[in-house]
Amino acid sequence: MTNANEPTAAGAPADPHSGATDFIRDIVAADAQTGKWGRPITTRFPPEPNGYLHIGHAKSICLNFGIARQFGGVCNLRMDDTNPAKEEVEYVESIIQDVRWLIDGWADSVLAPQVYYASDYFEKLYQYAIELIRMGRAYVCDLTAEQLIEYRGAPDRPGKPSPYRDRGVEENLNLFARMRAGEFPDGARTLRAKIDIGSPNIHMRDPAIYRIRRVDHHRTGSQWTIYPMYDYAHCLSDSIEGITHSICTLEFEVHRPLYEWILAQLQVPQPPPRQIEFARLNLGYTVMSKRKLLQLVDEGLVGGWDDPRMPTVAGLRRRGVPPAAIRTFCARIGVTKYEGLTDIALLEHSIREDLNRRARRVMAVLRPLKMVLVNYPEGQVEEIEAVNNPEDPSAGTRRVPFSRELFIERDDFMEHPPKDFYRLAPGREVRLRYAGVIRCEEAVKNAAGEVVELRCTMDPGSRAGGPTSHRKVKATMHWVSAAHALPAEVRLYDRLFTVPEPDADPQGRDFKTFLNPHSLELLTDCRVEPSLAGASPETYYQFERLGYFCADSRDCQPGKLVFNRTVTLRDSWAKAAAKAM
RNA sequence: UGCCGAGUGGUGUAACGGUAGCACAGCAGACUCUGGAUCUGUUUGUCAUGGUUCGAAUCCAUGCUCGGCAGCCA
């Protein structure tokens, strides 16, 4: 069960999905028991390629692939590409990449080798439609879109039959063929299922199953001028692929009778796939609709679909979130029919937990403050041994240069510290990580009264192996050697929105009203230890005492280091300080 | 007001007629060369009212609240 992508540290938790149970798995388990399909449990993940995948999709991916994995089945990745007006190849490619990245090392073996496309079934779907017409279960309707709305009625208003409802089979066949042949303009006619115009369920009031759209499709080109609607294409695609369990979100619950009706009319393998609905993921302080995410991208409010602040899979990846952390998160939130709002802290916890076991520790100073050790020999350089990962001894150690002039974190010094601040201040002692105990003798200021340099002395006996090396001091601080540190740019990310539900404002204000102006803080004068020289996006780092970081996949280069902060470390001082405000 | 669905601590969930448990968050403490990690303790809950039952979060009834459905989108 272990693999290259999983942490090797002792105590790593087992696959969080392995023993998972929820109401859907209960159903699948019961169905698997009866073996009524006579084939392995088969699920599918069917995104429409009209945007990038987000963490809500990740929930669905974990569910569908997780079930296939757990029950020894397979899961098909299928592009639900029946609406050429909205869909693009860029999205197809990103979806494939994101799914593979997310399940790699976990459920890659249950992913069917080929990617499926609903558009591959257009001809079959067309033939099924002819069958429906022959049975008198579908008809060509000449009503305009506006008329159709009127005729269909409303939730509390009954529908009335289309004047074209009782067209003869031959006429329907002829008109449908001519629709396909491109003889009619967009929207001129539809093919409608003949079900029950009086149904209390609007989706059963003779729904349109084909529309005329003279638009090129990203895969079938100009081959088609009519395209099947979701309700018609989806159930049949499931049937064609031998799906046993068709898992979708709650809003499709009212579509289920239609799903079942279509498969009950046609000569398709029995029993049909079973549709089961679950609640989509809602995460605090972000938005999860592709339409809104697209808006953020199009209006340049973020850097793109993979902006590290985006809840997209690509954004999370670039931010430095490991796929295993996303999977653990998805396992933790569970699967129900209750539509709640998940606390972002749960995601952050899953990320920290994963990264704590996985990330290499290094020292980096974000806001440098110069420190001179006045009793340390000028020109001397030591290589101090530092632990790469205290959670994983096999990660080994490295050597970090130490010298007379250092940079420490500006936030680690206060001239007039409040009572709970126990880092450095004039006259106070702290430990420099791995190096020894130092005492602040003087804070040098510039003309403006700003502290620009600290002059300190080191207790020589407190060095590693020294007689007082185990002295107790209140704080340990990170540092870099001024002459050896590498310059770097660091991007600090915060939540994208200032309110938990930006798209549910009681006053109806637009979600963009709540964009967090401080969601990105750019730090251009950072210093990192020399071992980071060849940092790559594939390596996760913990900058000690600061948080988890990774090299930016777009902008980080050997000569120009750029890091993204994935998530901060838990910080009880920051919390206390914020509370005191 | 039509149809469908959902209500368990602050949040996400478990308990499938038999002691309301877990995780996150919060709080308190221990430990610590990361104010990290780890460990310990702890506050807070079954939407309401009836009924069935020895026993109800669970079954029944009524009510309340919330969500979805009126694209030739998915």
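Chains are numbered independently. Their residues run from 1 in the order of the written sequence. Working convention: letters from A go to chains and numbers from 1 go to ligands, in the order in which they are written. It should be noted that, the model being predicted, local features are given only for residues of pLDDT at least 70 and side-chain atom pairs only at 80 or more, the latter also being counted only at that level, while totals for whole chains, interfaces and linings use all residues. Computation of side-chain values: all heavy atoms of the structure, hydrogens and water removed.

S.K.: Go over the confidence of the model for chain A with me, naming the residues and quoting the values.
M.R.: Averaged over chain A, the pLDDT score is 95; the fraction of residues at 70 or greater is 97%. pLDDT gives the predictor's per-residue confidence on a scale running from 0 to 100. Only heavy atoms enter the contact rule, under which two residues are in contact if any of them lie within 4.5 Å. Contacts of residues 1-14 to residues separated by more than four positions or lying in other chains number 20 contacts, the stretch itself having pLDDT below 50.

S.K.: For the protein's contact with RNA strand B, give the residues involved together with the corresponding values.
M.R.: Each residue is tested against the molecule or strand, and it is near if at least one of its non-hydrogen atoms lies within 4 Å. Neighbouring RNA strand B are 68 residues, the closest being Arg361, Tyr422, Arg423, Gln542 and Lys579. In RNA strand B, the atoms that sit within 4 Å of the protein are 65% sugar and phosphate, with bases accounting for the remainder. Within 3.5 Å is the distance limit for a polar contact, defined as a pair of N or O atoms, with the added protein rule that one can donate a hydrogen and the other accept it, and that residues adjacent in sequence qualify only through two side-chain atoms. Side-chain polar atom of Thr82 to a phosphate oxygen of RNA strand B: 2.7 Å apart, as the coordinates give it. A distance of 3.3 Å separates a base nitrogen of RNA strand B from a polar side-chain atom of His255. Note on conventions: DSSP H or I runs of at least 4 residues are helices, E runs of at least 2 residues are strands, and numbering of each starts at the N terminus. The set of elements that each furnish at least two residues to the surface near RNA strand B consists of helix 5 (145-152), helix 11 (323-333), helix 12 (344-358) and helix 13 (572-580). Residue polarity follows a fixed list, in which Ala, Val, Leu, Ile, Met, Phe, Trp, Tyr, Cys and Pro are nonpolar, Asp, Glu, Lys and Arg are charged, and the others, Gly among them, are polar. When its residues are assigned to classes, the surface near RNA strand B shows 24 nonpolar, 17 polar and 27 charged.

S.K.: Go over the side chain of Arg431, please, and point to the residues and values.
M.R.: Along the chain, the position of Arg431 falls in strand 16 (residues 429-432). One buried charged side chain, Arg431, makes no salt bridge at all; its nearest oppositely charged neighbour is Asp459, positioned 8.1 Å away. In this structure the side chain of Arg431 is engaged in a polar contact, spanning 3.3 Å, whose partner is the backbone oxygen of Ser469. One polar contact links the side chain of Arg431 to the main-chain carbonyl oxygen of Arg471, over a distance of 2.5 Å. Contact partners of Arg431, with chain neighbours within four places excluded, come to Gly436, Val437, Ser462, Ser469, His470, Arg471, Val473, Ala475, Thr476 and Met477. A 1.4 Å probe rolled over the protein chains alone gives each residue an accessible area, and that area as a share of the maximum for its type sets the label: buried under 20%, exposed over 50%, partly exposed in between. Positive: Lys, Arg. Negative: Asp, Glu. His and the chain ends are not part of the count. Only one rule defines a salt bridge in this text: a Lys or Arg side-chain nitrogen within 4 Å of an Asp or Glu carboxyl oxygen.

S.K.: Tell me about the pairing of strand 1 (residues 42-45), and name the residues and values.
M.R.: Every second residue of strand 1 is oriented toward a common face, with Thr42 and Arg44 on one face and Thr43 and Phe45 on the other, all of them buried. What makes two strands pair is DSSP finding at least two bridges between them. Looking at chain direction, strand 1 and strand 2 (residues 74-79) are connected through four bridges and run parallel. By the bridge assignment, Thr43 is partnered in strand 2 with Cys75.

S.K.: An account of the sheet that holds strand 12 (residues 368-373) is needed here, citing residue identities and associated values.
M.R.: On the basis of which strands lie adjacent, the open sheet formed by seven strands has the order 19-16-17-18-12-15-20 and mixed pairing. Both outer strands of the open sheet, strand 19 (476-477) and strand 20 (479-481), are each paired with one neighbouring strand and no more.

S.K.: How would you sum up the environment of Val372? Please name residues and give values.
M.R.: With respect to the secondary-structure elements, Val372 resides in strand 12. Residue class for Val372 comes out buried when judged on its relative accessible area of 3%. In sequence terms Val372 and Glu453 are 81 residues apart; their C-alpha atoms lie 7.5 Å from each other.

S.K.: Tell me about the pattern of salt bridges, residues and numbers included.
M.R.: In the structure shown here, the tally under the stated rule is 50 salt bridges. Here Arg318 ties to Asp555 by a salt bridge, and the two come within 3.8 Å at their closest N and O atoms. With Arg318 in helix 10 (residues 313-319) and Asp555 in the loop between strand 24 (547-551) and strand 25 (561-568), the pair connects residues that are 237 residues apart, well separated along the chain. Where Lys512 meets Asp510, a salt bridge forms, and the shortest distance between an N and an O atom there is 3.1 Å. Where salt bridges share partners, they join Asp306, Arg318, Glu489, Arg491, Asp552, Arg554, Asp555 and Lys560 into one cluster.

S.K.: Help me get a handle on helix 4 (residues 122-134), residues and values and all.
M.R.: Multiplying 1.5 Å by the helix residue count minus one yields the expected span of that helix. In a regular helix each residue adds 1.5 Å, so 13 residues correspond to 18 Å; helix 4 covers 18 Å between its end C-alpha atoms and thus fits that length. Within the span of helix 4, buried status applies to Phe122, Leu125, Tyr126, Tyr128, Ala129, Ile130, Leu132 and Ile133. Positive backbone phi, approximately 75°, marks Gly136, located one or two places after helix 4.

S.K.: How would you summarise the nonpolar core if you had to cite specific residues and measurements?
M.R.: In terms of nonpolar packing, the biggest core is built from 44 residues, with Ile55, Phe65, Leu77 and Val99 touching the most fellow members. Those elements that provide at least two residues to this core are helix 2 (55-70), strand 2, helix 3 (89-103), helix 10, helix 11 and helix 12. Per element, the largest residue contribution to this core is seven residues, and it comes from helix 3. Ignoring anything within four residues of it in the chain, the contact list for Val99 reads Phe45, Leu53, Ile61, Phe65 and Leu77. Take the buried residues of types Ala, Val, Leu, Ile, Met, Phe, Trp, Tyr and Cys, join any two whose side-chain atoms come within 4.5 Å, and each joined set is a nonpolar core. Membership of the second largest hydrophobic core comes to 39 residues, among which are Ala193, Ala233, Leu236 and Tyr259.

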